[in-house]
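What follows is the residue order along each chain.
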Amino acid sequence: MTDIKPLRDFIGDMTRLADEGATEQRWLTEGAALLRRLVAKDDWLPEDCTIPGPRYRQYLLHCDPLERFCVVSFVWGPGQKTPVHNHTVWGLVGMLRGEEVSTEMRPGAPMTPGQVDRLREGEVVAVSANTYDIHVVENALPDRASISIHVYGGNIGAIARSVFDPETGATKRFVSGYDNTSVPNLWDRSREMAAA
């Protein structure tokens, strides 16, 4: 059984930032440092949030009760990628397993690629509606799954966003939702308490 304590501690630290009314800049700096610490070890993610599917999967790990932030596990099978999309809120991406490539897409007809980030295990990058918000993301590994942990400034699975046609730049509304029907049990501390 996985020791979920690192995720529970991370969520507690992120909740404290939310309670302090953190600015986007604080989320993107202090939150990034917290996420970097979380993805530095790969021993806490529940197995049922690591399963690839016929398309990339998005597993909700936690959503703040006031929807100030959420934590999501993205699982990328070989060759899988997103459509060109935006977020409309700040976000942090930390690489837990494998590698992924994010390519910024600039508006136009056709859209043109901008900054390209190759994210490796333990690395964290930020996205923001104020700077770098439209991109396409793909698994960088041709032979195995990659898993990244995403944190967003809202309940990303319930936020109306856009996908973009890369040839025309035309937008279409979408709401991503999540692939799981239940979230990890962060609060079963029975083993920890029994050992004390």
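Quick note: structure is the one above.
Small disclaimer: the values here were computed from a predicted structure and weren't measured.

Conventions used here
Residues numbered from 1 in each chain as written. Predicted model: local features only at pLDDT ≥ 70, side-chain atom pairs only at ≥ 80, totals over all residues. Heavy atoms only, no water. Helix = DSSP H or I, 4+ residues; strand = E, 2+ residues; numbered from the N terminus. Buried < 20%, exposed > 50% of the residue type's maximum accessible area, 1.4 Å probe, protein only. Phe/Tyr/Trp six-rings, centres within 6.5 Å; stacked < 30°, edge-to-face > 60°. Salt bridge = Lys/Arg side-chain N within 4 Å of Asp/Glu carboxyl O. Polar contact = N/O pair within 3.5 Å; in protein donor to acceptor, adjacent residues only side chain to side chain. Contact = heavy atoms within 4.5 Å. Expected span 1.5 Å × (residues − 1).

Chemist: How do you make sense of unusual backbone geometry when you look at a structure like this?
Modeler: It is generally the case that most residues other than glycine have a negative phi and that most peptide bonds are trans. At the junction of Ala109 and Pro110, the peptide bond is cis and its omega measures out at 10° in the coordinates. Checked against the element boundaries, Pro110 lands in the loop between strand S5 (99–106) and strand S6 (112–120). Positive phi, close to 60°, is recorded for Glu67, a residue that is not glycine. Note on placement: Glu67 falls in the loop between strand S1 (57–63) and strand S2 (70–76). Given the relative accessible area of 42%, Glu67 is considered partly exposed.

Chemist: What is the right way to read the packing of aromatic side chains from this model?
Modeler: Counting across every chain of the model gives five aromatic pairs. A centroid spacing of 4.8 Å and a plane angle of 20° characterise the contact between Trp27 and Trp90, whose relative ring orientation is stacked. Taken together, the residues Trp27 in helix H2 (residues 24–39) and Trp90 in the loop between strand S3 (84–85) and strand S4 (91–97) connect sequence positions 63 residues apart. Relative accessible area serves as the criterion here: at 5%, Trp27 is assigned to the buried category. Since its relative accessible area comes to 8%, Trp90 is described here as buried. Joined through ring pairs, the aromatic side chains of Trp27, Phe69 and Trp90 make up one cluster.

Chemist: Would you mind going over the pattern of salt bridges with me for this structure?
Modeler: Pairs can form between side chains of opposite charge once their charged atoms are near each other. Across all of its chains, the model carries 11 salt bridges by this definition. For Arg26, the salt bridge goes to Glu20, with nearest N and O atoms at 2.7 Å. Of the residues examined, Arg26 reaches a relative accessible area of 24% and is grouped as partly exposed. Overlapping salt bridges bring together Asp13, Arg16 and Arg37 as one network.

Chemist: Got a minute to help me understand the side chain of Asn86 in this structure?
Modeler: Along the chain, Asn86 falls in the loop between S3 and S4. A distance of 2.8 Å separates a polar side-chain atom of Asn86 from the backbone nitrogen of Ser162. Aside from chain neighbours lying at most four places away, what touches Asn86 is Asp133, Ile134, Arg161, Ser162 and Phe164.

Chemist: Explanation requested: helix H1 (residues 5–19) in the structure shown.
Modeler: An α-helix turns once per 3.6 residues; consequently, residues spaced three or four apart project the same way. With 15 residues, H1 extends 21 Å from end C-alpha to end C-alpha; this agrees with the ideal 21 Å at 1.5 Å per step. Along H1, the residues classified as buried are Leu7, Arg8, Phe10, Ile11, Asp13, Met14, Leu17 and Ala18. Looking one or two places after H1, you find Gly21, whose phi comes out positive at around 70°.

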